[in-house]
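# Reading the structure
Residues per chain are reported as follows:
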Amino acid sequence: MRTTDKPFNIDKKQVYEGYLAVKSRAGAAGIDGETVEQFEADLKGNLYKIWNRMSSGTYFPPPVRAVTIPKKTGGQRVLGVPTVADRVAQMVAKQVMEPNLDKVFLADSYGYRPGKSALDAVGVTRERCWKYDWVLEFDIKGLFDNINHELLLRAVRRHITCKWVLLYIERWLTAPMVQEDGTITERHQGTPQGGVVSPVLANVFLHYAFDLWMKRTHPNLPWCRYADDGLVHCRSEQEAQALKAELQARLAECHLELHPTKTRIVYCKDRKRKHKYPNVKFDFLGYCFRPRRVRRFRDNTLFCGFNPAVSPAAMKAMRLTIRALNFRHQTQLSWEDIAQQLNPLLRGWIEYYGRYAPSALYPLLRYVNQTLVAWVMRKFNRWKGRKTRASQFLQRLAQERADLFVHWQIGMTGTFI
């Protein structure tokens, strides 16, 4: 039943819940420069405007702000950052359409889905690498920038019947982008990476472009996809080569293409190799899969297994994050100040990368401790130029005040020299 005379029946509670979800994610300001805190200064009025315009069909999204960020693998990625108000509007639509869409997606689609995580994808990949000798590692080049609007809307309309959601999806897809130099770019394809609804829309597109295609044409080959990164396990090199060619053709039909350097065929058997293969390891979701010596719990013996551990690229990124904090030169800080900066980072890294082969994180924890030693030598005169003594002091502190840093609390103290 309608509660207003508006053409679209949107509950005000939905808008408020959308705001709460946006607030929990924080995020940068959009083209209007308004932050979440500034938006909250007139929260009731701002939420009413969003509800009123969305309910009446007069909501038109403002342009998104282009923000260039570096990729972990090199190069640049352009994000499209909506305004805070537009993020709230998108969240309202997302919370309406996501439950209908998520039940349509297949089990091996893991990216941006409630109840699924990147660690789930790493875990299932680990088990499949033990059963299959070959894997096709693929990456879709510029997925968010190249999604075809006509094909996307056709896919969305098969599962979403809510008229106002469909109306605003079309408007969000074509909202222009303001570049960093102020120029305005019209958009006729793609969905901005940075938009709230963009991950859901990308999943819908790839559900038809890849997931259902694999189920229909190669039902016996297990696959795993997280957004635009995916893996298909194959029984032979020839099978992997043939699949790569078929996938290239399939994506071309959908106006997409495989990334030329990030798409590879990898031999992933752990036993002694009879031949030399160019690719015997691969990175997936921050983990590097390769043959590793692991200990068998049953009899405590070592054997070689194809297993994941934190990747070198992820380790480098984490070190750079620690270095960017630059606390080794900030002698005005206290132990508590440093812990406040470090602990959220360490907790997240240990929870994620410590799931598989946690000992691979020890070099990072050692780097953290060495950075702390450098800070101690600068802050306290009695340890200036005395690295060994400063390290010994920190080792004692780690025993006496293990609650200070996350990795000390769980016994992953590491070394200090």
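Refer to the preceding data block for the structure.
Sequence order as written defines the numbering, with residues in each chain counted from 1. For a predicted model such as this one, the threshold for reporting local features is a pLDDT of at least 70, and the threshold for listing and counting side-chain atom pairs is 80 or more; totals across whole chains, interfaces and linings nevertheless cover every residue. For the side-chain quantities, the full set of heavy atoms in the structure was used; hydrogens and water were omitted.

In this section: the overall build of the protein. The helix count covers DSSP runs of H or I at least four residues long, the strand count covers runs of E at least two residues long, and both are numbered beginning at the N terminus. Looking only at helices and strands, the protein has 15 helices and eleven strands in total. Across its three principal directions, the C-alpha atoms of the protein cover 75 × 60 × 40 Å. Exposure classes here rest on a 1.4 Å probe applied to the protein chains alone. A residue is buried below 20% of its type maximum, exposed above 50%, and partly exposed in between. Out of the 417 residues in the protein, the part that is buried amounts to 48%. Only heavy atoms enter the contact rule, under which two residues are in contact if any of them lie within 4.5 Å. Residue pairs at least 24 apart in sequence account for 68% of intrachain contacts in the protein once pairs closer than 6 positions are excluded. The accessible surface values rely on the Shrake-Rupley method and a 1.4 Å probe; as for residues, cover is taken only from the protein chains in view. Of the roughly 21,300 Å² of accessible surface on the protein, a fraction of 50% belongs to carbon and sulfur atoms.

Here we come to unusual backbone geometry. The backbone of Ala227 shows a phi angle near 60 degrees, a positive value even though the residue is not glycine. Look at Leu285: it is not a glycine, yet its phi comes out positive at around 55 degrees. Mapped onto the fold, Leu285 is located in the loop between β9 (282-284) and β10 (287-295). Judged by its relative accessible area of 19%, Leu285 falls in the buried class.

Structurally, Arg355 can be placed in the loop between α12 (335-353) and α13 (362-379). Given the relative accessible area of 47%, Arg355 is considered partly exposed. A sequence separation of 19 residues divides Arg355 from Ala374, and the C-alpha atoms of the two residues are 30 Å apart. In this view, Arg355 contacts Leu119, Tyr287 and Ile350; residues no more than four positions away in its chain are not counted.

Oppositely charged side chains may form a pair once their charged atoms are brought near each other. Any carboxyl oxygen of Asp or Glu that lies within 4 Å of a side-chain nitrogen of Lys or Arg is treated as forming a salt bridge with it. Enumeration over the complete set of coordinates arrives at eleven salt bridges. A salt bridge links Asp108 to Arg128, with the shortest nitrogen-to-oxygen separation between them at 3.2 Å. Of this pair, Asp108 sits in the loop between α4 (84-102) and α5 (118-129) while Arg128 is found in helix α5, placing the two residues 20 residues apart along the sequence. We note that Asp108, like Arg128, is buried.

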